[in-house]
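# Structural features, examined
Next come the chains, spelled out residue by residue.
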Amino acid sequence: MSYKTKREQELIQQIESAFVDSVRPSDDELIVNPEYDKADKFIQDFKGKTWQDVTLEILYRRRLQLPLFTAQAFRYFLPAFLIAPLRPSSDSKYNSDEISEHVFYSLISPAGKFIWTLKLKDIISGLSAKQKLAVTSFIQYFLENNPQIAALYADQVKSFWSI
């Protein structure tokens, strides 16, 4: 498989290595609110799958719904969402850049979003040092490749993630 650049290849390897031993939550522990009206479809997309099995189509479809995951499920499936935009997808009808943008926004502590900040801190506290490093590498890569977003959020992100 070819990659966009050597940097993407190295970042993919870093993420895969960091999350290789991740423990998959049970199918009953995938989402915060199983009573959510679209919970069944959401759960079906991830039920019985490892993060390596999740398709680009599923990642694209669920890119806006990352907050539905429990902290454990978010951590477990995060590498799939981080890696997808780093792989070439020129022939795909699914825009992997949209996935990376939504993942980025899910990894920051937005002003006035106290509940998400608490959940994000819970998510981060469950990451190993190696996983945190992989996530911060992705964040730095994203900011370098999105200067307009970096201008708006770089200080906030660097402060929150201690980059």
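What this report covers is the structure whose coordinates are included nearby. (Residues numbered from 1 in each chain as written. Predicted model: local features only at pLDDT ≥ 70, side-chain atom pairs only at ≥ 80, totals over all residues. Heavy atoms only, no water.)

End to end, helix H8 (residues 147-161) covers just 18 Å across 15 residues, shorter than the expected 21 Å (1.5 Å per residue, more than 12% under). Where H8 bends most, the angle comes to about 65 degrees, and this point is Tyr153. For H8, the full list of buried residues reads Ile149, Ala150, Ala154, Val157 and Trp161. Taken from the residues just after H8, Ser162 is the one with a positive phi, measuring 55 degrees. (Helix = DSSP H or I, 4+ residues; strand = E, 2+ residues; numbered from the N terminus. Expected span 1.5 Å × (residues − 1). Bend = angle between axes of the 7 residues up to and from the residue. Buried < 20%, exposed > 50% of the residue type's maximum accessible area, 1.4 Å probe, protein only.)

What follows is about the environment of Arg63. Here Arg63 lies in the loop between helix H3 (56-61) and helix H4 (71-83). Residue classification places Arg63 among the buried residues on the basis of a relative accessible area of 14%. As for Arg63 and Lys49, which are separated by 14 residues in sequence, their C-alpha atoms are 17 Å apart. Excluding anything up to four places from it in sequence, Arg63 contacts Phe81, Glu98, Ile99 and His102. In terms of polar contacts, Arg63 uses its side chain to reach the backbone carbonyl oxygen of Tyr60, at 2.6 Å. (Contact = heavy atoms within 4.5 Å. Polar contact = N/O pair within 3.5 Å; in protein donor to acceptor, adjacent residues only side chain to side chain.)

Here we come to helix H5 (residues 96-106). Among the residues of H5, Ser96, Ile99, Ser100, Val103, Phe104 and Ser106 are the ones counted as buried. Buried residues along H5 cover an arc of 160 degrees about the axis, so they all sit on one side. In this structure Asn95 caps H5, since a side-chain oxygen of it lies 2.9 Å from the backbone nitrogen of Asp97. (Arc of directions from axis to C-beta.)

The volume enclosed by the second largest pocket comes to roughly 170 Å³. Asp97, Ser100, Phe142, Asn145 and Asn146 are, among the 12 residues lining the second largest pocket, the residues nearest its centre. Broken down by secondary-structure element, the contributors of at least two residues to the lining of the second largest pocket are H5 and helix H7 (129-145). The element best represented in the lining of the second largest pocket is H7, accounting for four residues. Looking at side-chain class alone, the lining of the second largest pocket contains six nonpolar, three polar and three charged residues. (1 Å grid on protein atoms, 1.4 Å probe; cavity = no way out; pocket = protein on both sides within 12 Å on 5 of 7 lines; lining within 4 Å. Points joined across faces, edges and corners; volume = space filled by probe spheres on them. Nonpolar A, V, L, I, M, F, W, Y, C, P; charged D, E, K, R; others polar.)

Once that is clear, we can look at the packing of helix H1 (residues 6-19) against H4. Close contact between H1 and H4 brings their axes to 10 Å; oriented N to C, the two are set at 170 degrees. On the basis of the axis angle, H1 is roughly antiparallel to H4. H4 is crossed by H1, and the crossing has left-handed handedness. Listed contacts from H4 to Ile12, Ile15, Glu16 and Phe19 of H1 are Arg75, Leu78, Pro79, Leu82 and Ile83. Class assignment of the residues belonging to the contact of H1 with H4 gives a composition of seven nonpolar, no polar and two charged. (Axes fitted to C-alpha atoms, helices over the stretch in contact; angles between N-to-C directions. Parallel < 35°, antiparallel > 145°, perpendicular 65-115°, else oblique. Left-handed = near helix turned anticlockwise from the far one by under 90°.)

This next bit is on the packing of aromatic side chains. Scanning the model with the defined rule gives 14 aromatic pairs in all. Summarising the aromatic geometry, the rings of Phe104 and Tyr105 are spaced 5.5 Å apart at their centres and angled 65 degrees between planes, so their arrangement reads as edge-to-face. Ring centres 6.4 Å apart and planes at 25 degrees place the aromatic pair Phe138 and Phe142 in the stacked group. Of this pair, Phe138 and Phe142 both sit in helix H7, separated by four residues, roughly a single helical turn. Both residues of the pair, Phe138 and Phe142, belong to the buried class. Among the aromatic residues, those joined into a ring-pair cluster are Phe42, Phe46, Phe69, Tyr76, Phe77 and Phe81. The ring of Tyr60 carries Arg63 above its face, with NZ or CZ at 3.8 Å from the centroid. (Phe/Tyr/Trp six-rings, centres within 6.5 Å; stacked < 30°, edge-to-face > 60°. Lys NZ or Arg CZ within 6 Å of the ring centre and 35° of its normal.)

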